There are 2 protein chains.
Amino acid sequence: MGIREGLLVLLADGPKHGYRLKGEFEEATGQAWPLNIGQVYTTLGRLERDGLVELDTTDSEGRKVYRLTKAGRAEVRDWLTRPVDHRLDARDELSMKLLLTLFAGVADPLAVVDTQRAATMTALQDLHRLKQETDPDDLPWLLHLDRLILRAEAELRWLDLVEDRLPERRRRPAAVHEPAETEEVTG
Amino acid sequence: MGIREGLLVLLADGPKHGYRLKGEFEEATGQAWPLNIGQVYTTLGRLERDGLVELDTTDSEGRKVYRLTKAGRAEVRDWLTRPVDHRLDARDELSMKLLLTLFAGVADPLAVVDTQRAATMTALQDLHRLKQETDPDDLPWLLHLDRLILRAEAELRWLDLVEDRLPERRRRPAAVHEPAETEEVTG
DNA sequence: GGTGCCATGTAACGCGTTACATGATTAT
DNA sequence: ATAATCATGTAACGCGTTACATGGCACC
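The structure presented is a predicted model; accordingly, all values stated were derived computationally and were not measured. (Residues numbered from 1 in each chain as written. Chains lettered and ligands numbered in written order. Predicted model: local features only at pLDDT ≥ 70, side-chain atom pairs only at ≥ 80, totals over all residues. Heavy atoms only, no water.)

Student: Hey, could you go over the overall build of chain A for me, with residue numbers and the actual values?
Tutor: Per the secondary structure count, chain A includes 7 helices and 3 strands. When the 187 residues of chain A are sorted by exposure, 46% land in the buried category. Of all intrachain contacts in chain A linking residues separated by at least 6 positions in sequence, the fraction that spans at least 24 positions is 53%. Here chain A has roughly 9,600 Å² of accessible surface; of this, 51% comes from carbon and sulfur atoms. (Helix = DSSP H or I, 4+ residues; strand = E, 2+ residues; numbered from the N terminus. Buried < 20%, exposed > 50% of the residue type's maximum accessible area, 1.4 Å probe, protein only. Contact = heavy atoms within 4.5 Å. Areas by Shrake-Rupley, 256 points an atom, 1.4 Å probe, with all protein chains shown as cover.)

Student: Give a description of the interface of chain A and chain B that names residues and reports values.
Tutor: With 84 residues of chain A at the interface, the matching set in chain B holds 83 residues. For the pair chain A and chain B, the two sides together bury roughly 8,300 Å², of which 67% comes from carbon and sulfur. Summed over the shared surface of chain A and chain B, the number is 8 salt bridges. A salt bridge links Asp92(B) to Arg151(A); the shortest N-O distance between them is 2.7 Å. Our count for the chain A to chain B interface comes out at 22 residue pairs in polar contact (both at pLDDT 80 or more). (Buried area = accessible area lost by both parts, 1.4 Å probe. Salt bridge = Lys/Arg side-chain N within 4 Å of Asp/Glu carboxyl O. Polar contact = N/O pair within 3.5 Å; in protein donor to acceptor, adjacent residues only side chain to side chain.)

Student: Residues and numbers for the protein's contact with DNA strand C, please.
Tutor: Taken together, 18 residues sit near DNA strand C, with Tyr19(A), Tyr41(A), Arg63(A), Lys64(A) and Arg4(B) positioned nearest. Close to the protein, within 4 Å, the atoms of DNA strand C are drawn from sugar and phosphate at a rate of 61%. A distance of 2.7 Å separates a phosphate oxygen of DNA strand C from a polar atom in the side chain of Tyr41(A). With respect to DNA strand C, the side chain of Arg4(B) contributes an N or O atom lying 2.9 Å from a phosphate oxygen. Sorting the residues of the surface near DNA strand C by element identifies helix 2 (18-29) and helix 3 (37-49) of chain A together with helix 1 (3-12) and helix 3 (37-49) of chain B as the ones contributing at least two each. In terms of residue class, the surface near DNA strand C is made up of 4 nonpolar, 8 polar and 6 charged. (Near = heavy atom within 4 Å. Nonpolar A, V, L, I, M, F, W, Y, C, P; charged D, E, K, R; others polar.)

Student: Please give an account of helix 4 (residues 70-81) of chain B that cites residues and values.
Tutor: Look at helix 4 of chain B: 17 Å from first C-alpha to last across 12 residues, which is about the 16 Å you get at 1.5 Å a residue. Within helix 4 of chain B the residues assigned to the buried category are Gly72(B), Arg73(B), Val76(B), Trp79(B) and Leu80(B). Looking down the long axis of helix 4 of chain B, one finds its buried residues gathered within 125° of arc, a one-sided arrangement. Looking at the buried positions of helix 4 of chain B, the neighbouring elements they touch are helix 5 (93-104) and helix 6 (109-133) of chain A together with helix 1 and strand 3 (64-68) of chain B. (Expected span 1.5 Å × (residues − 1). Arc of directions from axis to C-beta.)

Student: Now, about the packing of aromatic side chains: what can you tell me, with residues and values included?
Tutor: Evaluated as defined, the whole model comprises 2 aromatic pairs over all chains. Judged by centre distance (6.2 Å) and plane angle (85°), the ring pair of Phe25(A) and Trp33(A) falls under edge-to-face. Take Phe25(A): its relative accessible area is 0%, and that puts it in the buried class. Geometry around Trp79(A) places Lys97(B) over its ring, the cationic atom sitting 5.1 Å from the centre. (Phe/Tyr/Trp six-rings, centres within 6.5 Å; stacked < 30°, edge-to-face > 60°. Lys NZ or Arg CZ within 6 Å of the ring centre and 35° of its normal.)

Structural measurements only, silent on function.
Written out as structure tokens, the structure reads:
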């Protein structure tokens, strides 16, 4: 799910110290996942607390080298074997925003859709441009960009679909309670 | 981003007490975002602390009714106006997993791809089945399912793309350090 | 002497999340 | 009586994240 698993995978490749883990993590994920060095040490501490990692040696330069425990190795194997699952209740900001707007009737859902579409389209253009500017040998970064591009395209398709379905919707009955002194929030 | 914004939007529709917020939140998002009642109160407390929400009245039944403050209303307007942005460093478990596997060379990336594809395909089938079983008038739930479907399809396309590009990759030189006593983790 | 990189760490905060405690009212 | 629903709340944990402190070493 997060940094934990990342560090564990890197440690499966052999014992390493924190600073090196940070380096490899960035080498592996590049700009796709910037990592504050502090996080490596906090995470390493938590992994040790949970018995997934233990101190291997303190090497000649005084660096603390960690290695996986048996439990740690099992965890790595599990994580790599187990697919990322598509939970029905996957938190998604965009759909949440739309469903809530739809329900609360406090802003025009179509305005939300339009705003989002504009933003996603420019994002998509930027991604394509970035892809062209990328060194063709930088496979990880290219793959990551493709992932973002496909996601963005899927989002655009969904926005179209939402717009199509939206007019079919019956208007919710007017609010029963006191009308709040809320000016229409439509952008 | 989270529950905070959800509650704020609902409160933009008029002052409400916690329990009612929980009800409306579930009504709006359905199974798409189950909400523990405790979260409503903790979140409400934090919103009050941050001056986005304040106590309106304690009604006849002794329920504490909250309303938006001026800052709260501004925050709602902002959130609804501002598109969900596509950060280049958006955390994505699947791509992270793949990039790290690619780098660490501790498992076969193709195995990861295959596992994921199988899982995503069955998930997709389940989603289509669910969609057919859904009441055609339940617009929010249908929209949410469509979002998940489009996401899953995008993921499958990406997996194909990864598989195509993967063989082009030159093998990393063999590990320099001591080979860890790690059995190949390939599922 | 100063700049910058290598290297380790801690204190603190924020949000999401759960588990638990408490009590009133309503329905069976 | 007692089970369910309405209603509020708190304590605690986990992870991600940042800001800060510290020190060695190399290079100019």
